[in-house]
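Notes for the structure review
The residues making up each chain are set out below.
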Amino acid sequence: MSNPDDAPSEASKSDIVEQPRVSTWEQMKTTEDWWAIWCAGLILIVAFLAVWISVPANFFTASDQGESVSISSPLKSWLAKPGKWTQNPVDAFYVAGDEDKGATTTYRGVLGAFVIIGVLFTVAMTVRKKNAIGFLKAFPVIFLLATVAYVLAGQSVIKAYNLEYALWALLVGLVISNTIGTPHPWRPAIMTEFFIKTGLVLLGAEVLMSRLMALGIPGIGVAWVVTPIVLISTFVFGQKVLKIPSKSLNMVISADMSVCGVSAAIATAASCKAKKEELSLAIGLSLSFTVVMMILLPLAIKAMGLPDDVGGAWLGGTIDATGAVAVAGATLGEEALEVAATVKMIQNILIGVTAFCVAAYWVAYVEKDSDAAKPGIGEIWYRFPKFVLGFIGASILFSILHANLSGGDLMIEAMIGGSTKTLRGWFFCLAFVCIGLETNFKQLLPYFRGGKPMILYVCGQSLNLLLTLIMAYLMFGVLFAESGQ
């Protein structure tokens, strides 16, 4: 995965330090990281304003008086993903019902997402002086593949097992790249990092500080104490015991498994300049184990007789994907679902912190040259994935609006549920398709040599499961059990 400023991923440490640097102002106008912020920022502004101007006349008064008010985003009917189907895939593109009561024609929403993303990225490519025409020609194909992945994930039996769209998107791309090969005309639209970074900035608006405060110290203890311990321990284990040759692969797997799955892997890969093949391997491991843990952990919690809040905290701190956490938590009950989802969202806050710390560590130690001057804070800033700033900024801004604006909680939820969460899903799905299209199994084979990546993940996740269980029981079952937190 390339660094934030599009420098060659294979450059040596001395090359990185000595090569001419453009100013931050120039980076803000041309680089992918900053344009991910601008694109996502524009989406968030438009989505929020759409909700703001559409609220009923008495909304703010009713909200201040504590009355029940229902609002939705006017963009909801124009943004959608393929829905659920059982026998006929065409059913995924149509949701029957009265549109006045909230039902939507799904194909219209799919077309809306296609137009919005296509236009937005074409403009961004034009301003950045990239191959905008090539992107415009190839994007419909990539979007079609993402749509196929969504349709596959929506089949009722597959959906029951929570085999999410990310897995299918990755498989669709992998099948093409490892059989007929990825056609060259498609490559201008294979923008893995641009898609995922934009989606991550949108995700920031969903990571609300109020959710952190809802569980307070117990939730923070589970999400923030165990995670760095597992991350550091797994990385050290991979280097000192398994002796994994690629430190970047070691770090991406460690972050993926300990923080929050794919999102953390993407951000960490940008900080340590991991190769796309390494990122693809880490994501594949994460998705595979997520499915297994989503099924087995609730069974283990029931067998052990753990309280719902303890079990929910254990789920939220160990299962990688937020969607899988919610499904697993729901099998235990409403309390477990709420605790699990909240712990996971608290853990998501560590994405930015992890990316910064990894960038600092990589510059100061991994790529340190004994014959060169010690790199300063400027080098860390250069290597830091700037899109993380967008993630953090969106989280802070919408947390403030959610907590302090009259009716802000309802408006933010309507904005997320009616538009930005759907677009985030499309960005992620497009990115997974692109990862598959860029990944060749022949290039992955060296990383599997000796089974070390698998051993690293299994050992790290085992430590994660043990420590998180201990902390969840200590926080929710002992120290704060009587307080009801």
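Thresholds, definitions, all that
- Residues numbered from 1 in each chain as written.
- Predicted model: local features only at pLDDT ≥ 70, side-chain atom pairs only at ≥ 80, totals over all residues.
- Heavy atoms only, no water.
- Core = buried A, V, L, I, M, F, W, Y, C linked by side-chain atoms within 4.5 Å.
- Buried < 20%, exposed > 50% of the residue type's maximum accessible area, 1.4 Å probe, protein only.
- Helix = DSSP H or I, 4+ residues; strand = E, 2+ residues; numbered from the N terminus.
- 1 Å grid on protein atoms, 1.4 Å probe; cavity = no way out; pocket = protein on both sides within 12 Å on 5 of 7 lines; lining within 4 Å.
- Points joined across faces, edges and corners; volume = space filled by probe spheres on them.
- Nonpolar A, V, L, I, M, F, W, Y, C, P; charged D, E, K, R; others polar.
- Contact = heavy atoms within 4.5 Å.
- Patch = residues over 30% accessible without salt bridge, like charges linked within 9 Å, V, L, I, M, F, W, Y side chains within 5 Å.
- Areas by Shrake-Rupley, 256 points an atom, 1.4 Å probe, with all protein chains shown as cover.
- Salt bridge = Lys/Arg side-chain N within 4 Å of Asp/Glu carboxyl O.
- Axes fitted to C-alpha atoms, helices over the stretch in contact; angles between N-to-C directions.
- Parallel < 35°, antiparallel > 145°, perpendicular 65-115°, else oblique.
- Phe/Tyr/Trp six-rings, centres within 6.5 Å; stacked < 30°, edge-to-face > 60°.
- Lys, Arg positive; Asp, Glu negative; His and termini not counted.
- Charge placed at Lys NZ, Arg CZ, Asp CG, Glu CD.
- pLDDT = per-residue confidence, 0-100.

**Re the nonpolar core**
- Ranked by size, the top nonpolar core spans 144 residues in total, and within it Ile-117, Phe-121, Ile-142, Phe-195, Ile-283, Met-415 and Phe-432 carry the most contacts.
- Of the residues forming this core, the biggest block, 17 residues, is contributed by helix H20 (residues 408-438).

**Looking at the layout of surface pockets**
- What the second largest pocket holds in volume is close to 360 Å³.
- Going through the elements one at a time, helix H10 (209-240), helix H11 (247-260) and helix H17 (350-366) are the ones with two or more residues in the lining of the second largest pocket.
- Looking at the lining of the second largest pocket, the element that brings in the most residues is H10, giving 9 residues.
- Split into classes, the residues belonging to the lining of the second largest pocket amount to 12 nonpolar, 3 polar and 2 charged.

**Some remarks on the environment of Ile-396**
- Mapped onto the elements, Ile-396 comes out in helix H19 (residues 387-404).
- Along the backbone, Ile-396 and Leu-208 are 188 residues apart, and their C-alpha atoms lie at a distance of 7.5 Å.

**What to know about the side chain of Thr-420**
- In this fold, Thr-420 is placed in helix H20.
- With residues near it in sequence (within four places) discarded, Thr-420 still touches Ile-43, Leu-44, Ala-47, Leu-202 and Met-415.

**Topic: a nonpolar patch on the surface**
- On the surface, Val-157, Tyr-161, Val-292, Ile-295, Leu-296 and Leu-299 cluster together into a nonpolar patch covering about 580 Å² of accessible area.
- Per element, the largest residue contribution to the nonpolar patch is 4 residues, and it comes from helix H13 (residues 276-304).

**As for the pattern of salt bridges**
- Tallied over the full model, the rule gives 3 salt bridges.
- Between Lys-197 and Glu-32 there is a salt bridge, with the nearest N and O atoms lying 3.3 Å from each other. Note that Lys-197 is positioned in helix H9 (residues 192-204) and Glu-32 in helix H3 (residues 32-54), a separation of 165 residues in sequence.
- Exposure remark for Lys-197: the relative accessible area of 1% places this residue in the buried category.
- Taking the relative accessible area as the measure of exposure, Glu-32 reaches 10% and is therefore buried.
- The closest approach of N and O atoms between Asp-33 and Lys-197, which form a salt bridge, is 2.5 Å. Of this pair, Asp-33 sits in helix H3 while Lys-197 sits in helix H9, and the two are 164 residues apart along the sequence. We note that Asp-33, like Lys-197, is buried.
- Among the charged side chains, a salt-bridge network with shared partners connects Glu-32, Asp-33 and Lys-197.

**Describing the packing of H19 against H20**
- Between H19 and H20, whose axes approach to 6 Å, the crossing angle comes to 135 degrees. On the basis of their axis angle, the class for H19 and H20 is oblique. Residue-level contacts link Phe-398, Leu-401 and His-402 of H19 to Gly-408, Asp-409, Ile-412, Glu-413 and Met-415 of H20.
- Along the lines of polarity and charge, the residues of the contact of H19 with H20 split into 4 nonpolar, 2 polar and 2 charged.

**Here's the deal with the packing of aromatic side chains**
- With the rule as written, the count across this model stands at 23 aromatic pairs.
- Judged by centre distance (6.2 Å) and plane angle (70 degrees), the rings of Phe-48 and Phe-398 are edge-to-face. With a gap of 350 residues between them, Phe-48 in helix H3 and Phe-398 in helix H19 connect regions that are remote in the sequence.
- Given a relative accessible area of 12%, Phe-48 falls into the buried group.
- On the numbers, 6.1 Å between centres and 55 degrees between planes, the contact of Phe-235 with Trp-362 is tilted. Pair noted here: Phe-235 is in helix H10 and Trp-362 is in helix H17, with a separation of 127 residues, a long-range link. Neither Phe-235 nor Trp-362 differs from the other in exposure class; each is buried.

**Things to note about a negative patch on the surface**
- A surface patch of like charges, here negative, comprises Asp-308, Glu-334, Glu-335 and Glu-338.
- Considering each element in turn, the negative patch owes the most residues, 3 residues, to helix H16 (residues 334-348).
- Looking at the secondary structure, you find Glu-335 in helix H16.

**Thoughts on the confidence of the model for the protein**
- On average, residues of the protein score 81 in pLDDT, and 84% of them reach the 70 mark or higher.
- Segment residues 1-19 is flagged for pLDDT under 50; beyond a separation of four residues in sequence, or across chains, it makes 53 contacts in the model.
- Of the regions scoring below 50 in pLDDT, residues 96-103 engages in 5 contacts with residues more than four places distant in sequence or in other chains.

**Considerations on a positive patch on the surface**
- A grouping of Lys-81, Lys-84, Lys-159 and Lys-421 is seen on the molecular surface, where their side chains present a positively charged patch.
- Structurally, Lys-421 can be placed in helix H20.
- On the accessibility criterion, Lys-421 (46% relative accessible area) is partly exposed.

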